[in-house]
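Residues per chain, in single letters:
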Amino acid sequence: MQNWITDFMEQFGYLGIFLMIALENVFPPIPSEVILTFGGFMTTYTELTVPGVILAATIGSVVGAVILYGIGLLLDVERLEKIIDRWGHILRVKKADIHRADSWFDKYGYWTVFFCRMIPLIRSLISIPAGMSNMKFGMFLLFTTLGTLIWNVLLVVLGSILGESWEDIVAFMDVYSNIAYAIIAVAAVVLIVLFIRKRKKSA
């Protein structure tokens, strides 16, 4: 996949970077760290510039995030309630659980979006619950853009500084990604255990 990504970017320049990043947001398995660091490296031997690569990547990221936000709007709380009405007894989930999660996201959602834009895989998927909670679109765009910009600037600049050694950053980011995934997995297990215990007590 990496060779296909880099070949596409070399062929289409800024447009290629924009399209790759937009696709990466909608299809998270495409690694943004490869796109961004290689984009930074491209500024060392092509006419592309660091600000231009950052701009193209940021616009692409925001476009992809907006698409997923729109998907989240289609899967709003009301639709989830209908699913719970039908399948909640099997999933052991109540409407109150959905409303609590929605209230939590209403309270902390903006900063969640901001920080999650700097975590591989989650950086894309976080746009869906933002849409589901009907987060104000203007605020969603603001925090998404800020988080995305920090991530893009960091990786593009590092790619331009390291030049031909840009793949060293990708190797480091793989370690960062694995650590992030491990933390998320542990947190998910803890939440599931707490949820089960709470349901048993209430029963």
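One can find the structure itself at the top, above this paragraph.
Conventions adopted
- Residues numbered from 1 in each chain as written.
- Predicted model: local features only at pLDDT ≥ 70, side-chain atom pairs only at ≥ 80, totals over all residues.
- Heavy atoms only, no water.
- Helix = DSSP H or I, 4+ residues; strand = E, 2+ residues; numbered from the N terminus.
- Buried < 20%, exposed > 50% of the residue type's maximum accessible area, 1.4 Å probe, protein only.
- Contact = heavy atoms within 4.5 Å.
- Expected span 1.5 Å × (residues − 1).
- Polar contact = N/O pair within 3.5 Å; in protein donor to acceptor, adjacent residues only side chain to side chain.
- Patch = residues over 30% accessible without salt bridge, like charges linked within 9 Å, V, L, I, M, F, W, Y side chains within 5 Å.
- Areas by Shrake-Rupley, 256 points an atom, 1.4 Å probe, with all protein chains shown as cover.
- Salt bridge = Lys/Arg side-chain N within 4 Å of Asp/Glu carboxyl O.

Tallying secondary structure elements over the protein gives 9 helices and 0 strands in all. Reading the helices (α) and strands (β) of the protein from amino to carboxyl end gives α-α-α-α-α-α-α-α-α. When each of the 203 residues of the protein is scored for burial, the buried share is 42%. Counting only contacts in the protein whose residues sit at least 6 apart along the sequence, the fraction spanning at least 24 positions is 75%.

Turning to helix H3 (residues 50–74), a few remarks are in order. The α-helix winds at 3.6 residues per turn, so residues separated by three or four positions along the chain end up facing the same way. Helix length check: H3, at 25 residues, gives a terminal C-alpha distance of 37 Å against a target of 36 Å (1.5 Å per residue), a fit within 8%. Of the residues that open H3, the one with a side-chain oxygen 3.1 Å from the backbone nitrogen of glycine 52 is threonine 49.

Okay, helix H2 (residues 32–42) next. By the criterion of burial, H2 is predominantly enclosed, with 11 of the 11 residues buried. Along H2, the residues classified as buried are Ser32, Glu33, Val34, Ile35, Leu36, Thr37, Phe38, Gly39, Gly40, Phe41 and Met42.

Turning next to the side chain of threonine 58. Structurally, threonine 58 can be placed in helix H3. Judged by relative accessible area, threonine 58 falls into the buried class, the value being 8%. A distance of 3.1 Å separates a polar atom in the side chain of threonine 58 from a polar atom in the side chain of asparagine 152. Residue contacts for threonine 58: discarding those within four places in its chain leaves Thr145, Thr148, Leu149 and Asn152.

Turning to a nonpolar patch on the surface, a few remarks are in order. Taken together, the side chains of Trp4, Leu23, Val26, Phe27, Leu55, Ile59, Val63, Ile67, Ile71, Leu74 and Leu75 make up a nonpolar region of the molecular surface, amounting to roughly 980 Å² of accessible area. Of all elements in the fold, only helix H1 (2–26) and H3 reach the threshold of two or more residues within the nonpolar patch. When residues of the nonpolar patch are assigned to their parent elements, the largest contribution, 6 residues, is made by H3. Within the secondary structure layout, isoleucine 71 lies in helix H3. In this structure isoleucine 71 comes out as partly exposed when scored by relative accessible area, which is 36%.

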